[in-house]
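# Tertiary structure, described
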Number of protein chains: 4
Amino acid sequence: MKLTLEQAQKVIAKAQEEAEKIGIPMVIAVVDDGGNLKSFQRMDEALLASVDIAINKAYTALALKMPTHQLAEIAQPGQELYGIEVTNRGRIVTFGGGYPIYLDGSLVGAIGVSGGSVEQDKQVAEAGIKALN
Amino acid sequence: MKLTLEQAQKVIAKAQEEAEKIGIPMVIAVVDDGGNLKSFQRMDEALLASVDIAINKAYTALALKMPTHQLAEIAQPGQELYGIEVTNRGRIVTFGGGYPIYLDGSLVGAIGVSGGSVEQDKQVAEAGIKALN
Amino acid sequence: MKLTLEQAQKVIAKAQEEAEKIGIPMVIAVVDDGGNLKSFQRMDEALLASVDIAINKAYTALALKMPTHQLAEIAQPGQELYGIEVTNRGRIVTFGGGYPIYLDGSLVGAIGVSGGSVEQDKQVAEAGIKALN
Amino acid sequence: MKLTLEQAQKVIAKAQEEAEKIGIPMVIAVVDDGGNLKSFQRMDEALLASVDIAINKAYTALALKMPTHQLAEIAQPGQELYGIEVTNRGRIVTFGGGYPIYLDGSLVGAIGVSGGSVEQDKQVAEAGIKALN
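Let us look at the structure shown here.

What counts, and where the lines are drawn
- Throughout, residues of each chain are indexed from 1 in the direction in which the sequence is written.
- Naming scheme: in the order in which they are written, chains are lettered from A and ligands are numbered from 1.
- Given that the model is predicted, a residue must reach a pLDDT of at least 70 before its local features are reported, and side-chain atom pairs must reach 80 or more before they are shown or counted; all residues, however, enter totals for whole chains, interfaces and linings.
- Neither water nor hydrogens contribute to the side-chain values; these are computed over all heavy atoms in the structure.
- For helices, the fitted line uses only the C-alpha atoms of the stretch in contact; every axis is such a line through C-alpha atoms, and the angle between N-to-C directions lies from 0 to 180 degrees.
- Only runs of H or I of at least four residues qualify as helices and only runs of E of at least two qualify as strands under DSSP, and these elements are numbered from the N terminus.
- The scheme is simple: roughly parallel for angles under 35 degrees, roughly antiparallel for over 145, roughly perpendicular for 65 to 115, oblique for anything else.
- Handedness of a crossing is defined here by the sense of rotation of the near helix relative to the far one, left-handed for an anticlockwise turn of less than a right angle and right-handed for a clockwise turn.
- Here, two residues are considered to be in contact whenever any of their heavy atoms come within 4.5 Å of each other.
- Amino acid classes used here: Ala, Val, Leu, Ile, Met, Phe, Trp, Tyr, Cys and Pro are nonpolar; Asp, Glu, Lys and Arg are charged; the rest, including Gly, are polar.
- Only strands that DSSP links by at least two bridges are regarded as paired with each other.
- Residues belong to a common nonpolar core when they are buried Ala, Val, Leu, Ile, Met, Phe, Trp, Tyr or Cys residues joined through side-chain atoms within 4.5 Å.
- Relative accessible area decides the class of each residue, using a 1.4 Å probe on protein chains only: under 20% of the type maximum gives buried, over 50% gives exposed, and in between gives partly exposed.
- Residues adjacent in sequence count toward polar contacts only when both atoms are side-chain atoms; beyond that, a polar contact is any pair of N or O atoms within 3.5 Å, and within protein one must be able to donate a hydrogen and the other to accept it.

A few words now on the packing of helix 1 (residues 5-22) of chain D against helix 4 (residues 118-129) of chain D. All names here are of chain D. For the pair helix 1 and helix 4, interaxial distance at closest approach is 7 Å and the crossing angle is 140°. Classed by the angle they form, the pair helix 1 and helix 4 counts as oblique. Between helix 1 and helix 4 the crossing geometry is right-handed. Here Val-11, Lys-14, Ala-15, Glu-18, Ala-19 and Ile-22 of helix 1 lie close against helix 4, whose contacting residues are Gln-120, Gln-123, Val-124, Ala-127, Gly-128 and Ile-129. When grouped by side-chain class, the residues that make up the contact of helix 1 with helix 4 number seven nonpolar, three polar and two charged.

Here it is, written out as structure tokens:
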């Protein structure tokens, strides 16, 4: 099962709707099951740094099959995966806002959101993935 | 004058419509006037290599203020800019499919299209930029 | 609204004046609103490492719309953005010396200063951005 | 003997004057005898691609101790240094606009100019290095 562009766009549209609701300009990226960029939108006035961060959050969530805020905990000094952020040519993000996307139980892609606080990014990303349920 | 996300999406939608008309899955990218990614869509079944190529065609058209097929001519062996493809950290593309986007005479961004032959990429990109006229 | 070269040069001249006053050779960089380098000066005897650091501090301040010493706090282990320094291809600096530049309330660029202690870098950068008021 | 910032600035000012005379916005970079950036100016409206190209032309002229238009000839297919543009992590430019800077017969740095045709870039760079005679 593959994530279609139409589905990716639905995810992004829903996430963008949530970002507009809370009034924060966001960058929203969706990658497919190969970790490659599928769809991407940068809202007007969003942080430039969020271009890379959103894409990398999506990559991280896909590549590790976990939300990036879970990685945040185990990537701290003294924790199991301390240092992981440098292992994948700068593409691992160790804070929240990235989530795997499942369809019928299969991992088909991931979303990454950046632009607000970590809590806001998570809220927007979670709204996005609900678009496929 | 800044290219808005809404305008970038219009450009991409129009380009995608053209790609569907000719039946070739394409990757379509739009960058802003700073060369930073604004909007991106990868159609189902499009070439994976086109992810980078489309983004870099858009960057090239913006950064050199010319369609990339014009660069193609002057980047050949013996021509004026031979070797330019390595000068910008791998972001210069020396074949057609990238076009600057102007609004009221101001350069506000660029589109890059990849996935078909160069002629097909050009056709799709040209359809895209017409969306703003 | 765009930052002109003349304005960028004013910012750098003022920063350099401050660096000379405290007797520390500095590297001073200014980027535009796309995060691209606009103007750059390396004072005689300044640290070579500061070439990249100053440019990247300016990029960071622009791309995150905040002074880099504020990022320093939230990028620490256990804090919200821990790990952010690897997310943007080596361009995020998590210590002080980078500041956004505003003109009439619009973000038009950023300054990055490196060469002294963080406090000295901040002092020199702050002097620089005052040149436009 | 070292190139001072004051001398680098003189070179750039003279080059910029020439660029203004011919009405082409240019990017002008000067590196020191270590190939590291010393001074840099991007004129308003200059091509974004020229940021990297100007710096790399200066690096190339310094690192090979020759004007980059001389390298252009020997970097062509079938010539002695064919392929050299990929040998130095993307920093070798194989077309004109970069010149070594000598003081009293010592190589102390180099200038790189980008933004116009190769002939225009050469003209502006040559004007720049005359500032030290």
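Let us now look at the sheet that holds strand 2 (residues 37-42) of chain A. Pairing within the open sheet is antiparallel, and its eight strands lie in the order 3(A)-4(A)-1(A)-2(A)-2(B)-1(B)-4(B)-3(B). Of all strands in the sheet, those bounded by a partner on one side alone are strand 3 (98-103) of chain A together with strand 3 (98-103) of chain B. Neighbour-to-neighbour, the strand axes of the sheet open up by a mean angle of 20°, direction not taken into account. Looking at chain direction, strand 1 (residues 27-32) of chain B and strand 2 (residues 37-42) of chain B are connected through five bridges and run antiparallel. Its bridge partner lying in strand 2 of chain B, Val-30 of chain B is registered against Ser-39 of chain B. Sheet contacts for helix 2 (residues 49-63) of chain A: strand 1 (27-32), strand 2, strand 3 and strand 4 (106-114) of chain A together with strand 2 of chain B; angle to strand 4 of chain A, the most-contacted strand, approximately 155°.

Moving on to the nonpolar core. Counting residues in hydrophobic clusters, the biggest one holds 80 residues, and the most contacted among them are Ile-84 of chain B together with Ile-84 of chain C. Residues within four places of Ile-84 of chain C in sequence aside, it is in contact with Ile-53 and Phe-95 of chain A together with Leu-64, Leu-71, Ala-75, Ile-92 and Thr-94 of chain C.

As a further point, take the side chain of Asp-33 of chain B. Summarising the element assignment, Asp-33 of chain B is placed in the loop between strand 1 and strand 2. Of the residues examined, Asp-33 of chain B reaches a relative accessible area of 16% and is grouped as buried. A polar atom in the side chain of Asp-33 of chain B sits 3.1 Å from the side chain of Lys-2 of chain B. Setting aside residues no more than four positions away along its own chain, Asp-33 of chain B makes contact with Lys-2, Leu-62, Leu-107, Val-108 and Gly-109 of chain B, Lys-2 of chain C together with Leu-48 of chain D.

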